[in-house]
Amino acid sequence: MIEVLYFAWVRERIGLARETVETGAATPAALVAELAAREPRYAAAFADTSALRVALDQKLASFDAPLAGVREIAFFPPMTGG
Amino acid sequence: MRVQVQAASFDPAAEIAGFAKGRRDIGAEVSFIGRVRDDSGHLLALEIEHYPGMTEAAISAMAQEAVTRWQLLECLVLHRYGRLAPGEPIMMVATAARHRAEAFAAAEFLMDYLKSRAPFWKKEITQRGGDWVAAKASDEDALTRW
């Protein structure tokens, strides 16, 4: 079980801010593949992961980082603060 | 060091007045205020989304790095989220050091990092709807100088 959060246009395309997902995915990339296979709205949000960033337990990570022990994963577009 | 993430507006003049007040070891203070800019003349508002928890943690880590690297004597980062009108202040950074070179460099470092490493996303609201502001490659490139 992992808590999945979506922000900005990723949240809008999927239509959800967060959800709990039952998964055995070993990496964010594997989780993305699982989610994208679910429904077109997920496939649309994850069509180009090079346009996305991922955070594991609130720290920026890469799409091939290990998911073991991670409680919270977030997907979002590149940040535009400041 | 103070990091504050809030929806409410703030008074930049009051923040500057209170910053590093009463200290006798500070020779240089730099402050930067970012505001909502309306380039098109049609901007109704800017909506800023953030990632509660990660935002504070990411900014605190940057501020701590700036304090260590430039031996800052005081450091303030204030950033808003929610719906902001054109002209309103979005954020401010203030740094204080013994000399100006350190205060300027630390403020620029914090601005560069806030742009592309703090989890905020801006959406421009106009009469015809909302558009997410795209990140610029130049913002990412700016990090390489640090």
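Procedures and definitions
Residues numbered from 1 in each chain as written. Chains lettered and ligands numbered in written order. Predicted model: local features only at pLDDT ≥ 70, side-chain atom pairs only at ≥ 80, totals over all residues. Heavy atoms only, no water. 1 Å grid on protein atoms, 1.4 Å probe; cavity = no way out; pocket = protein on both sides within 12 Å on 5 of 7 lines; lining within 4 Å. Points joined across faces, edges and corners; volume = space filled by probe spheres on them. Helix = DSSP H or I, 4+ residues; strand = E, 2+ residues; numbered from the N terminus. Nonpolar A, V, L, I, M, F, W, Y, C, P; charged D, E, K, R; others polar. Phe/Tyr/Trp six-rings, centres within 6.5 Å; stacked < 30°, edge-to-face > 60°. Buried < 20%, exposed > 50% of the residue type's maximum accessible area, 1.4 Å probe, protein only. Lys NZ or Arg CZ within 6 Å of the ring centre and 35° of its normal.

Participant: Tell me about the layout of surface pockets, residues and numbers included.
Facilitator: Considering only enclosed or pocket space, the largest pocket measures out at about 650 Å³ in volume. Forming the walls of the largest pocket are 28 residues, and the residues nearest its centre are B:Arg37, B:Lys115, B:Lys122, B:Val133 and B:Lys136. Counting only elements with at least two residues in the lining of the largest pocket, the list comes to strand S2 (28-35), helix H3 (100-117) and strand S7 (120-126) of chain B. For the lining of the largest pocket, the element with the most residues is H3(B), which contributes four residues. For the lining of the largest pocket, a count of residues per class yields 11 nonpolar, six polar and 11 charged. For the second largest pocket, the calculated volume is near 180 Å³. The wall of the second largest pocket is formed by A:Gln58, A:Lys59, A:Leu60, B:Met54, B:Ala57, B:Ala58, B:Ala61, B:Met62, B:Tyr113 and B:Arg117. Elements supplying a minimum of two residues to the lining of the second largest pocket: strand S4 (59-61) of chain A together with helix H2 (54-70) and H3 of chain B.

Participant: Go over the packing of aromatic side chains, please, and point to the residues and values.
Facilitator: Aromatic ring pairs are described here by two measures, namely the spacing of the ring centres and the angle between the planes. Inspection of every chain in the model, using the stated rule, returns 13 aromatic pairs over all chains. Between the aromatic rings of A:Phe76 and B:Trp121, the centroid separation amounts to 5.0 Å while the plane-to-plane angle is 55°, which identifies the pairing as tilted. Pair noted here: A:Phe76 is in strand S5 (residues 72-76) and B:Trp121 is in strand S7, and the two residues belong to different chains. A residue is classified by how much of its surface remains accessible, and A:Phe76, at 0% relative accessible area, is buried. Residues B:Phe109 and B:Tyr113 carry aromatic rings whose centres are separated by 4.7 Å and whose planes lie at 35° to one another, so their mutual orientation is tilted. One end of the pair, B:Phe109, and the other, B:Tyr113, are both in helix H3, four residues apart, so they sit about a helical turn from each other. Relative accessible area serves as the criterion here: at 0%, B:Phe109 is assigned to the buried category. Put simply, the rings of A:Tyr6, A:Phe46, A:Phe63 and A:Phe75 pair up and form one aromatic cluster. Above the ring of A:Tyr42, the side-chain terminus of A:Arg38 is found at 5.1 Å from the ring centroid.

These results come straight from atomic positions and should not be treated as a statement about function.
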